[in-house]
Amino acid sequence: MTLPKTLFVVHELPGAELDAAEVLAGRRAASGTLISVLAVVEGLAARGHPVGVYVLGGQRLVTAADTFDSLDAARRWIGSGRVVYTSCDETGLSALTAAGLRPVVWSHTHFPKEFVPKLGDSVAGVIFVSDLTRLPFLRSRHHRRLGRVHNALHPAFDQPGTGPDERFERPSAIFAGYFGETKGAHRLLQMWPRVRARVPAATLAVCGSPALYHEGCRVGPFGVAEPEFERAYLAPLVERFGSLEAAGIRLTGLLAPLELRERYLGAALGIVNCNWTIATETFCCAGVEMLATGTPVFSFARGALPESLGHTGGAVLAPRPDLDRAADLLADLLCAPARLRALG
């Protein structure tokens, strides 16, 4: 039987070159979205499926799949096969349409409503990563073109391991992901002084950087976030406590998956996207990976987090966008090793 060809179109890579094997071995940092795409591409290629990848941004991907130097070459290769665009970027979709390609959009973020009229026309279908993002479109006459698949877990988090039991005795928290407003890091930093007032020994490790998406990006004097973010949210903490160290905050910068796994295994509590109304999560790979290491997770009951984390029994989600109450809930958790152990 001849298997149909599938072309995966990636919008861009974080650097000029990326080795998929290095990412999936856990030695190279990448976003949860990109890791999920690479896991599927490499998995299909390893099983003998004819898979190709084209990067719209022009960066080079080292992969077991076929790769192409131009969109025209990718179009000739795919023939009558299927195209999967792993982004919702309008300019990228326009480029594919202009090349005569009609992709299935693999939407890792909220699907733009303006794309709905394109279903059945320039968009062949949509794959969502949560029911939350899929359900609002089921009244569309194209509802049969909509599917849902959860994001793949990085192979590093398939390994068994729950960390030392005594970690829950220390009030240590860890935040992972893009260190910026789109991942709610600013909300956590706004809550932290109240947490420290309640739990003076509390510590927070922040693992993240804009370099997760773009190498050579602009960062402020702390070296971990955009200058405007650092001025707005890190500088006030230094002014209040004297230093980030005095505030119990440690900035690790960008970490590869194997390094993140070790950090999770040593933490009492994981924290992910603390947004309520801005750029809420549609799945949250970081939260699922924390749970895979037996690390309980704190966040807000917003976006797809109740779906992907809330039903696991390992997450505590603040029910309202009240930062003071959320900070008190976070402090209560850090003071309750027995509860953290049970959640983990």
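What you see is a predicted model, and the numbers here were worked out from it, not measured in a lab.

(A) Region of interest: the environment of R194. With respect to the helices and strands, the residue R194 is situated in helix α6 (residues 185-198). Distance from R194 to D328, taken between C-alpha atoms, is 7.4 Å for residues 134 residues apart in sequence. The residues touching R194, leaving out its near neighbours within four places in the chain, are D324, A327 and D328. Side-chain polar atoms of R194 contact the side chain of D328, separated by 3.0 Å.

(B) Quick peek at the nonpolar core. Of all hydrophobic cores here, the largest spans 40 residues; its most connected members are F179, L204, I249, I271 and F298. Aside from chain neighbours lying at most four places away, what touches I271 is A173, I174, F175, A176, L188, L204, M290, F298 and L330.

(C) Geometry of the packing of aromatic side chains. Counted under the stated rule, the structure contains 12 aromatic pairs. Members of the aromatic cluster, joined through ring pairs, are F175, F179, F229 and Y233.

(D) Examining unusual backbone geometry more closely. Of note in this structure, C284 is not a glycine but carries a positive phi near 85°. Residue position: C284 is located in the loop between β13 (269-271) and α9 (285-292).

(E) Layout of the packing of α6 against helix α11 (residues 323-334). In contact at an axis separation of 8 Å, α6 and α11 are set at 55° when each is read in the N-to-C sense. Overall, the two elements α6 and α11 adopt an arrangement that is oblique. Relative to α11, the crossing made by α6 is right-handed. Along the contact surface, α6 presents R187, L188, Q190, M191, R194, V195 and R198, while α11 presents L323, D324, A326, A327, D328, L330, A331, D332 and L334. Along the lines of polarity and charge, the residues of the contact of α6 with α11 split into nine nonpolar, one polar and six charged.

Calculation notes
- Residues numbered from 1 in each chain as written.
- Predicted model: local features only at pLDDT ≥ 70, side-chain atom pairs only at ≥ 80, totals over all residues.
- Heavy atoms only, no water.
- Helix = DSSP H or I, 4+ residues; strand = E, 2+ residues; numbered from the N terminus.
- Contact = heavy atoms within 4.5 Å.
- Polar contact = N/O pair within 3.5 Å; in protein donor to acceptor, adjacent residues only side chain to side chain.
- Core = buried A, V, L, I, M, F, W, Y, C linked by side-chain atoms within 4.5 Å.
- Buried < 20%, exposed > 50% of the residue type's maximum accessible area, 1.4 Å probe, protein only.
- Phe/Tyr/Trp six-rings, centres within 6.5 Å; stacked < 30°, edge-to-face > 60°.
- Axes fitted to C-alpha atoms, helices over the stretch in contact; angles between N-to-C directions.
- Parallel < 35°, antiparallel > 145°, perpendicular 65-115°, else oblique.
- Left-handed = near helix turned anticlockwise from the far one by under 90°.
- Nonpolar A, V, L, I, M, F, W, Y, C, P; charged D, E, K, R; others polar.

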